[in-house]
Amino acid sequence: MDAKSKPTCRIVKPHHTYGGKQGLDYFEGIAAETVGSTSICMHLLTIPPGTRAKAHLHEAHETAIYMLSGEAHTWYGDRLEEHVVVHAGELFYIPAGVPHLPANLSSTPCTAIIARSDPNEQESVVLLPELDALVPA
């Protein structure tokens, strides 16, 4: 989108995916790159069965997740010592700077809507490869 364009309402149909630094594929959604948003992004994520992300954190933005279907395990904390299972119909909040690693340990896909307080969703993603081995593959 042209940065000089006047902001207006837009519909985004999430047909295309992109590979996130975290190792998962996200459906293109609301972001600076697609609609010119300046302080929010929103994407759709489906995690296939038996798949997990890379350990990471978002340096400068908060994340809000609404689980549409299935369930996702998420390990979080400085050494991924905390664990939660997010089920369909539940909301999950991740503050900026908190290391985390989501995984789908089930035999069916899980799908979530993810909203972040940075319009450039991948900009403040920091991979933490030293933490990956703390969660069994």
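That block above? That's the structure.
The rules behind each value
- Residues numbered from 1 in each chain as written.
- Predicted model: local features only at pLDDT ≥ 70, side-chain atom pairs only at ≥ 80, totals over all residues.
- Heavy atoms only, no water.
- 1 Å grid on protein atoms, 1.4 Å probe; cavity = no way out; pocket = protein on both sides within 12 Å on 5 of 7 lines; lining within 4 Å.
- Points joined across faces, edges and corners; volume = space filled by probe spheres on them.
- Helix = DSSP H or I, 4+ residues; strand = E, 2+ residues; numbered from the N terminus.
- Nonpolar A, V, L, I, M, F, W, Y, C, P; charged D, E, K, R; others polar.
- Patch = residues over 30% accessible without salt bridge, like charges linked within 9 Å, V, L, I, M, F, W, Y side chains within 5 Å.
- Areas by Shrake-Rupley, 256 points an atom, 1.4 Å probe, with all protein chains shown as cover.
- Salt bridge = Lys/Arg side-chain N within 4 Å of Asp/Glu carboxyl O.
- Buried < 20%, exposed > 50% of the residue type's maximum accessible area, 1.4 Å probe, protein only.
- Polar contact = N/O pair within 3.5 Å; in protein donor to acceptor, adjacent residues only side chain to side chain.
- Contact = heavy atoms within 4.5 Å.

When you look at empty space enclosed by the protein in this model, what are you seeing that I'm missing?
If a probe the size of a water molecule is rolled over the atoms, the empty space left behind becomes visible. What the rule picks out here adds up to one cavity of 30 Å³ or more. Leu45, Ile47, Ile65, Pro102 and Ile114 are, among the 20 residues lining the largest cavity, the residues nearest its centre. Considering each element in turn, the lining of the largest cavity owes the most residues, four residues, to strand β11 (residues 110-116). Looking at the lining of the largest cavity residue by residue, the class counts come to 14 nonpolar, five polar and one charged.

Can you help me understand a nonpolar patch on the surface in this one?
Taken together, the side chains of Tyr66, Leu68 and Leu91 define a hydrophobic patch exposed on the protein surface, amounting to about 310 Å² of accessible area. Among the secondary structure elements, Leu68 is positioned in strand β6 (residues 63-69). Residue class for Leu68 comes out partly exposed when judged on its relative accessible area of 41%.

What's the story with the side chain of His73 in this structure? I'm lost.
With respect to the secondary-structure elements, His73 resides in strand β7 (residues 71-76). Owing to a relative accessible area of 14%, His73 belongs among the buried residues under this scheme. A polar side-chain atom of His73 sits 2.8 Å from a polar atom in the side chain of His83. Leave out the neighbours within four places in its chain, and His73 touches His83, Val84, Val85, Leu101, Pro102, Ala103 and Leu105.

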